[in-house]
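# Breakdown of the fold
What follows is the residue order along each chain.
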Amino acid sequence: MALDLETRDQLLSTIRRFVEERLIPLEAQVSENDEVPAEIVQEMRELGLFGISIPVEYGGLGLTMEEECLVLFELGRTSPAFRSVIGTNVGIGSQGIVMDGRQDQKDEWLPKLATGEAIASFALTEPEAGSDAASLRTTAIRDGDDYIINGTKRFITNATKASMFTLMARTDPDTPGGKGVSAFICPADIPGITIGKPEKKMGQQGAHISDVIFEDARIPASCLLGDVEGKGFITAMKVLERGRLHISAVCAGVADRLLEESGRYAAERKQFGAPIGNLQLVQAMLADMKTEHYAARCMVLDAARRRDAGEDVATESSCCKYFASEMVGRVADKAVQIFGGAGYVADYGIERFYRDVRIFRIYEGTSQVQQVIIGRNVVKEYAE
Amino acid sequence: MKVLVPVKRVIDYNVKVRVKADQSGVELANVKMSMNPFDEISVEEAIRLKEAGTATEIVVVTVGPQQAQETLRTALAMGADRGIHVKTDAEVEPLAVAKILKAVAGEESPELIIVGKQAIDDDSNQTGQMLSALLGWPQGTFASKVEKDGDKLNVTREIDGGLQTIKLNLPAVVTSDLRLNEPRYASLPNIMKAKKKPIDAKTPEDYSVDLTPRLQVQKVTEPAERQAGIKVETAAELVAKLKEAGVIG
Ligand SMILES: Cc1cc2nc3c(=O)[nH]c(=O)nc-3n(C[C@H](O)[C@H](O)[C@H](O)COP(=O)(O)OP(=O)(O)OC[C@H]3O[C@@H](n4cnc5c(N)ncnc54)[C@H](O)[C@@H]3O)c2cc1C
């Protein structure tokens, strides 16, 4: 149920304040140490951030998609590494259970995910299966009352902290493509699972990805998500479709921050005897940043509202992810330009954002994958 | 022990205030408003007393316009139990607020009232002291520590050059200083639950308090603009410059 406006405003202003007072001052430190401090994670728990998307009956806030996007506009105004702490519990790690889980699976996991006591990860990508996720090779073979899992998952966010994986694996090796794939709620602390070393990344230090290797890992058959095999790929695609709006909102949030930083800098920095903000060529960059940010924000809110109203927004979600992630790349590039040399040196943090936002065009479906989805759907819509 | 905490809606402390062109006050239109930071500290202290099992109920009260209800909701979201909104659109001066609070205290019979030492809008620093005088209760102002000690209250006060600890009989009025505690963020679930906590709607007339102003604001002006600084080469030059400026003798 949607919140009344007063409560919603209080919620958002609390998050804005938390971001300004607690997170922004730590941005450089988190990047330097490649770690979000434990006390910040604890504060995020106490604040209730892990549970924003989880239904109220399981201890979450049960926000609508529109409300979730508004929250992420705020949380996006700082290093995306902070968002990543809650990202998988709010999005791709938990939503499979919310959408397609059995009652006993919801009862077991959702309350713990809502508080952040348990961390969920989403394990789809493999060394040989990226954009073509349906070709995944990890197998889950039924053996009596168990499944035995073998294979390697790659680039899995929060794997090092995960209590469980929403895992996509092939239950029917004779059926190629998505139809042979099932989803599992796989506990992380069982024999046969090895978590790889965190990868060194271009940006978002403090957020970690690693391989998850399954070697004859045995899980009870009850870990199958839902009741029947062969539905896992559909679940994964539904989860990612929803996640696209979430990521788009983060992109808009970061762009908002970069716009503010750039606007302030342009007003202060003097060259040729006056603030550079007086120069029309600098204003042109700010105008492009503002316009594109505004467009992305409007797109995200429109798609989120329509999703809340029950509309199918598969195409629109891809439009949002495609535009917002490319937009924030352009905005970050212009921010570096407006800051000049200061944009390139680390002290100002602008180059850090420039690196941080690069991933948004790659994960949860690359820009090309979004184009493929949008294009295909448009053709389908107008073909007789 | 029941604790009463008055809270005030003021311009958010992050806002750069602007003086109205006619110098009659500061711009309030479209300005972000929040709970007075010292009141947040008071609410936090009451919650800590409750968490420690010392306080049993926390009642928050505000005097102000319709929107002041949001401030009560913030306090309820932090952990207060119920609110009282004394609704008025009039300017209320510290004495009028103190009189209303006295009447509220008469109805609620709290054992402790925690008042912010001042509100960051007018910086009066009067309400707590006036309230204590009107009630005839002991007061512990500028508190940096509050501890229940049997049927008494130990209050550590921030005074010039140090700290002073006094023992008060209850009921008492305490005014909170900056270092009393660090207020928590209201959690998101609690913000949602706060909507269901009760708020009593009252008016100054309910308490027969006359709000007629006794003070008149003559003029409000911007602080003087900071002058550009200069760089000096040596300590000796610095001392000379400071003497020149009459800053040191
Ligand atoms: C920081 C980070 C976090 C991640 N987190 C997770 C996670 O939590 N869980 C998870 O499962 N995965 C995760 N991933 C993996 C991520 O989703 C994949 O990297 C992404 O889907 C792209 O797959 P790939 O890397 O194999 O690239 P590829 O699929 O090999 O793509 C390479 C290039 O080819 C293009 N391309 C591919 N197919 C097409 C096509 N049909 N048409 C046009 N162009 C095409 C792509 O757009 C891209 O430009 C994460 C990755 C990173 C870097």
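In this report, the structure presented in the accompanying data block is examined. Throughout this description, residue numbers start from 1 for each chain and increase along the sequence as written. Chain letters start at A and ligand numbers start at 1, both assigned in the order the entries are written. Whole-chain, interface and lining totals are the exception, using all residues; otherwise, since this is a predicted model, local features are given only for residues with pLDDT of at least 70 and side-chain atom pairs are given and counted only at 80 or more. Think of the side-chain values as coming from all heavy atoms in the structure, minus any hydrogens and water.

Residues and elements named next belong to chain A. Throughout, near means a residue has at least one heavy atom within 4 Å of the molecule or strand. Every one of the 17 residues lining the ligand counts as a neighbour, but Phe 122, Thr 125, Ser 131, Thr 157 and Thr 366 are closest to it. A distance of 2.6 Å separates an oxygen atom of the ligand from a polar side-chain atom of Ser 131. Interatomic distance of 2.7 Å between a side-chain N/O atom of Thr 366 and an oxygen atom of the ligand. To measure how exposed things are, a 1.4 Å probe is used in the Shrake-Rupley method; for residues, cover is taken only from the protein chains shown. Taken by itself the ligand offers 970 Å² of open surface, and the protein chains cover 63% of this. Broken down by secondary-structure element, the contributors of at least two residues to the shell around the ligand are strand S3 (146–157) and helix H13 (367–382). Take the shell around the ligand: its biggest share by element is three residues, from S3. When residues are sorted by character, Ala, Val, Leu, Ile, Met, Phe, Trp, Tyr, Cys and Pro go into the nonpolar class, Asp, Glu, Lys and Arg into the charged class, and all the rest, Gly among them, into the polar class. Split into classes, the residues belonging to the shell around the ligand amount to ten nonpolar, six polar and one charged. Side-chain atoms alone can form a polar contact between residues adjacent in sequence; in general such a contact is a pair of N or O atoms within 3.5 Å, and within protein one must be able to donate a hydrogen while the other accepts it. For the purposes of this entry, the term helix denotes a DSSP run of H or I that reaches at least four residues, the term strand denotes a run of E that reaches at least two, and both are numbered from the N terminus.

Here we take up the interface of chain B and chain A. Listed as interface residues are 14 residues of chain B and, on the opposing side, 19 residues of chain A. It is Tyr 185, Leu 188 and Met 192 of chain B that lose the most area in chain B upon contact with chain A, and together they represent 46% of the buried surface on that side. Salt bridges are defined by distance alone: a side-chain nitrogen of Lys or Arg within 4 Å of a carboxyl oxygen of Asp or Glu. The closest approach of N and O atoms between Arg 17 of chain A and Glu 40 of chain B, which form a salt bridge, is 2.8 Å. There are seven residue pairs in polar contact (both at pLDDT 80 or more) connecting chain B and chain A. Note on contacts: a residue pair qualifies if any of its non-hydrogen atoms lie within 4.5 Å across the two residues. We define buried area as the total accessible area lost by two parts upon association, computed with a 1.4 Å probe and summed across both.

This paragraph deals with the side chain of Glu 108 of chain B. Residue and element names in this part refer to chain B. Residue position: Glu 108 is located in helix H3 (residues 94–108). Taking relative accessible area as the criterion, Glu 108 reaches 12% and is therefore assigned buried. In this structure Glu 108 touches Lys 2, Val 59, Arg 82 and Ile 84, once residues within four positions along its chain are discounted. Residue burial is assigned from relative accessible area. The probe radius is 1.4 Å, only protein chains are included, and a residue is buried under 20% of its type maximum, exposed over 50%, and partly exposed in between.

Further remarks concern helix H1 (residues 37–51) of chain B. All names here are of chain B. What a helix should span is 1.5 Å times the count of its residues minus one. Here H1 spans 21 Å end to end across 15 residues, near enough to the 21 Å set by a 1.5 Å rise per residue. For H1, the tally of buried residues reaches eleven of 15 residues, placing the bulk of the element in the interior. All of the buried residues in H1 are Phe 38, Asp 39, Glu 40, Ile 41, Ser 42, Val 43, Glu 44, Glu 45, Ala 46, Ile 47 and Leu 49.

Let us now look at the pattern of salt bridges. All names here are of chain A. One pass over the full model with this rule turns up 40 salt bridges over all chains. The closest approach of N and O atoms between Glu 126 and Lys 153, which form a salt bridge, is 2.8 Å. Taken as a pair, Glu 126 in the loop between strand S1 (120–123) and strand S2 (139–143) and Lys 153 in strand S3 lie far apart in primary sequence, 27 residues in all. Judged by its relative accessible area of 5%, Glu 126 is buried. By relative accessible area, Lys 153 is classed as buried at 0%. A network of salt bridges, in which partner residues are shared, links Glu 20, Arg 77, Asp 256, Glu 260 and Arg 264.

Any two packed helices are characterised by how steeply their axes cross, that is the angle between the axes, and by the distance between the axes. All names here are of chain B. The geometry of H3 relative to helix H4 (residues 127–135) is characterised by a closest axis approach of 8 Å and an angle of 50° between their N-to-C directions. The angle between H3 and H4 falls in the class oblique. Crossing angle aside, the handedness with which H3 passes H4 is right-handed. Across the interface between the two elements, Pro 94, Leu 95, Val 97, Ala 98, Lys 99, Leu 101, Lys 102 and Ala 105 of H3 pack against Thr 127, Met 130, Leu 131, Leu 134 and Leu 135 of H4. Residue composition of the contact of H3 with H4, grouped by class: ten nonpolar, one polar and two charged. Here the axes come from fitting lines to C-alpha atoms, over the contacting stretch only for helices, and the angles between their N-to-C directions go from 0 to 180 degrees. By definition in this entry, angles of less than 35 degrees are roughly parallel, angles greater than 145 are roughly antiparallel, angles of 65 to 115 are roughly perpendicular, and the rest are oblique. Helix crossings fall into two classes, left-handed where the near helix is turned counterclockwise from the far one by less than a right angle and right-handed where it is turned clockwise.

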